[in-house]
Amino acid sequence: MAPSLLDAVRALRWPARARVPGVLPGSHPARLRGPGGEFSEYRAYRQGDDPRRIDWRLLARSDRAFVRLADDHALLPTVCVVDASASMAFPADGPARHAKWHQAAAVAVGLAAVAHGAGDPVGLTIAAPDGPGAGPGAGARSLPPRSRRGVVAELTAALSAVAPGGSPPLAPAAARAPARCRLVLISDFLGDADGAGGDAAALRRAAAAHAAAGGEVYAVHVVAAEELELPRGLAVAVDPEAPRLRRPLDASGRAAYARAFAAWRDDLARAWRDAGAAYTLVRADEPPAHAVRRVVRGAA
């Protein structure tokens, strides 16, 4: 991964969307308030409160017991789940070869670097084809969230070792994410395109359950420029994950494709937001640092 990407995102900050439930000290406002941290307010002592929170000087002056509350800060583990299915290898040739996969990998590394820069543990799951070194479950290759030095380089090496292919599901990887973490799903989401449900529906159910349990979900939708505007010389469209599925692209076919693809993107964005996710569409030809900034800021 180009060092320029890491330099470009070094100053970015990725605040939590809500108070986090973590207990380890970090940079995000925590859901629980304790005796340490930045002072917030006093509250009358109640049975069951930790006596260590009592402000003894205030008790001596007023003869009433108050506990001192403070806004604590906690860590927010971040896990990127990256789709390495065959459609992510589009385009298959030419100067933009594998542009979608390269963009997905770059965005994952950039987001991991931003989270790691704030002291948060970062991890990675690649939904990749089965093969040597594959972890449990549909070829998934996982690195658990860690905050140690060098973890971003480890994630980069893991992504660099993968060649997209096959049609591995994303839902199992999302369902295995640590509870209440920041879960980032990076995919072209073309499992949704046939409307058949399957892994696409299971993926959104897993994401919705994660959000409902107090975690954060980001859906990063990677789209190639050639998918938004079909190349003029392309006469037949072939599904990379189902090569037998072919459709001719005459003038009427191109117009129908453009309408259907635009409508599908709108429906997809709405479905992810309904599931509690922050949805961002990223073009494969967009500068990766710019894409990372938009994801961090929650820009569609």
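Before reading on, note that the structure itself is shown above.
Residues numbered from 1 in each chain as written. Predicted model: local features only at pLDDT ≥ 70, side-chain atom pairs only at ≥ 80, totals over all residues. Heavy atoms only, no water.

## A closer look at the overall build of the protein chain
Argument step 1. When you go through the protein chain residue by residue, the secondary structure sums to 9 helices and 11 strands.
Argument step 2. In the protein chain, which comprises 300 residues, the proportion classed as buried is 43%.
Argument step 3. For the protein chain, the proportion of contacts with a sequence separation of at least 24, taken over those separated by at least 6, is 72%.
Argument step 4. Accessible area of the protein chain: about 15100 Å², with a carbon and sulfur share of 55%. (Helix = DSSP H or I, 4+ residues; strand = E, 2+ residues; numbered from the N terminus. Buried < 20%, exposed > 50% of the residue type's maximum accessible area, 1.4 Å probe, protein only. Contact = heavy atoms within 4.5 Å. Areas by Shrake-Rupley, 256 points an atom, 1.4 Å probe, with all protein chains shown as cover.)

## Let's talk about the packing of helix H3 (residues 99-117) against helix H4 (residues 151-160)
Argument step 1. Remark: H3 packs on H4, axes separated minimally by 10 Å, with the N-to-C direction vectors making an angle of 170 degrees. By the angle between their directions, the pair H3 and H4 is classed as roughly antiparallel. When the axes of H3 and H4 are compared, the crossing they make is right-handed. Contacts between H3 and H4 involve Trp-101, Ala-105, Ala-108, Val-109, Ala-112, Ala-113 and His-116 from the first element and Val-151, Val-152, Leu-155, Thr-156 and Leu-159 from the second.
Argument step 2. Across the contact of H3 with H4, the residue classes break down as 10 nonpolar, 2 polar and no charged. (Axes fitted to C-alpha atoms, helices over the stretch in contact; angles between N-to-C directions. Parallel < 35°, antiparallel > 145°, perpendicular 65-115°, else oblique. Left-handed = near helix turned anticlockwise from the far one by under 90°. Nonpolar A, V, L, I, M, F, W, Y, C, P; charged D, E, K, R; others polar.)

## Here we look at H3
Argument step 1. In a regular helix each residue adds 1.5 Å, so 19 residues correspond to 27 Å; H3 covers 27 Å between its end C-alpha atoms and thus fits that length.
Argument step 2. Among the 19 residues of H3, 16 are classified as buried, and the element is accordingly described as predominantly covered.
Argument step 3. Positive backbone phi, approximately 90 degrees, marks Gly-119, located one or two places after H3. (Expected span 1.5 Å × (residues − 1).)

## Quick word on the layout of surface pockets
Over the atoms rolls a probe the size of a water molecule, and in doing so it shows where empty space is left.
Argument step 1. Approximately 210 Å³ is the volume found for the second largest pocket.
Argument step 2. Every residue lining the second largest pocket is listed: Leu-6, Val-9, Arg-10, Leu-12, Arg-13, Ala-113, Val-114, His-116, Gly-117, Arg-149, Gly-150 and Val-152.
Argument step 3. Contributions of two or more residues to the lining of the second largest pocket are made by helix H1 (3-9) and H3.
Argument step 4. A breakdown of the residues in the lining of the second largest pocket according to their chemical character gives 6 nonpolar, 3 polar and 3 charged. (1 Å grid on protein atoms, 1.4 Å probe; cavity = no way out; pocket = protein on both sides within 12 Å on 5 of 7 lines; lining within 4 Å. Points joined across faces, edges and corners; volume = space filled by probe spheres on them.)

## Let's talk about the pattern of salt bridges
Argument step 1. Taken as a whole and assessed by the stated rule, the structure comprises 8 salt bridges.
Argument step 2. A salt bridge links Lys-100 to Asp-188, with the nearest nitrogen and oxygen atoms 2.8 Å apart. In this pair, Lys-100 is assigned in helix H3 and Asp-188 in the loop between strand E7 (182-187) and helix H6 (199-212), connecting sequence segments 88 residues apart.
Argument step 3. When its relative accessible area of 0% is taken as the criterion, Lys-100 is described as buried.
Argument step 4. You can call Asp-188 buried: its relative accessible area is 2%. (Salt bridge = Lys/Arg side-chain N within 4 Å of Asp/Glu carboxyl O.)

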